[in-house]
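Residue-level listing of the chains:
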Amino acid sequence: SDNKNVRLAAATVLLNVSSHLKSIGKYDASIPDLFLSLVAKVLNCGNYETEAIVRTLVALGTALLVDDVFVQKAKSLFGESIQPLASQHGGKAASVGAEITQILS
């Protein structure tokens, strides 16, 4: 979207979804792929502001705590790309990116 508020809202939805997944701990088998592909689109499109990127990274980190399915699929999808991408968005994003990298290693 061309609207900053819409982009921030989309990142917030991802954060809310990941929190819900973490709290219930069960989900349909298609959810990890769908969720991670949406996260990848946000992180890689280049249109999102720092706050939306931070929220998306926190959403990813929260999803990685749901179970090992998310971790394995995220390893396959993101590899080593999270930290360099996160570092482009300042200290808070870099810190979250470092934690995600640690979980994925």
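Residues numbered from 1 in each chain as written. Predicted model: local features only at pLDDT ≥ 70, side-chain atom pairs only at ≥ 80, totals over all residues. Heavy atoms only, no water.

A few words on the environment of histidine 20. Topologically, histidine 20 is positioned in helix H1 (residues 4-24). Separated by 21 residues in the primary sequence, histidine 20 and lysine 41 have C-alpha atoms spaced 21 Å apart. (Helix = DSSP H or I, 4+ residues; strand = E, 2+ residues; numbered from the N terminus.)

So, about the nonpolar core. Membership of the largest hydrophobic core comes to 30 residues, with the highest contact counts inside it found for Leu57 and Phe78. When residues of this core are traced back to their parent elements, those giving at least two are H1, helix H2 (31-45), helix H3 (50-64), helix H4 (68-78), helix H5 (82-87) and helix H6 (91-104). Residues within four places of leucine 57 in sequence aside, it is in contact with Leu43, Ile82, Ala86, Ala93, Val96 and Ile100. (Core = buried A, V, L, I, M, F, W, Y, C linked by side-chain atoms within 4.5 Å. Buried < 20%, exposed > 50% of the residue type's maximum accessible area, 1.4 Å probe, protein only. Contact = heavy atoms within 4.5 Å.)

With that settled, consider the pattern of salt bridges. Applying the stated criterion to the full structure yields 3 salt bridges. Here arginine 7 ties to glutamate 49 by a salt bridge, and the two come within 2.3 Å at their closest N and O atoms. With a gap of 42 residues between them, arginine 7 in helix H1 and glutamate 49 in the loop between H2 and H3 connect regions that are remote in the sequence. We classify glutamate 49 as partly exposed; its relative accessible area is 25%. The partner of arginine 55 in a salt bridge is glutamate 51, and the shortest N-O contact between them spans 3.0 Å. Of this pair, arginine 55 and glutamate 51 both sit in helix H3, 4 residues apart, roughly one helical turn. Relative accessible area serves as the criterion here: at 24%, arginine 55 is assigned to the partly exposed category. Taking relative accessible area as the criterion, glutamate 51 reaches 37% and is therefore assigned partly exposed. (Salt bridge = Lys/Arg side-chain N within 4 Å of Asp/Glu carboxyl O.)

Turning next to H1. Over its 21 residues, H1 runs 31 Å from end to end, which matches the ideal 30 Å to within 8%, given 1.5 Å per residue. Every buried residue belonging to H1 is among Arg7, Ala11, Leu14, Ser18 and Leu21, and all of these are buried. For H1, the arc enclosing every buried residue in end-on projection is 80°, short of the 170-degree limit, so these residues lie on one face. Seen from the open side of H1, the exposed residues pointing more than 90 degrees away from its buried face are Asn5 and Ser23. Buried residues along H1 sit in contact with H2, H3 and H4. (Expected span 1.5 Å × (residues − 1). Arc of directions from axis to C-beta.)

Interpretation note: all reported values are geometric properties and have no functional meaning in isolation.
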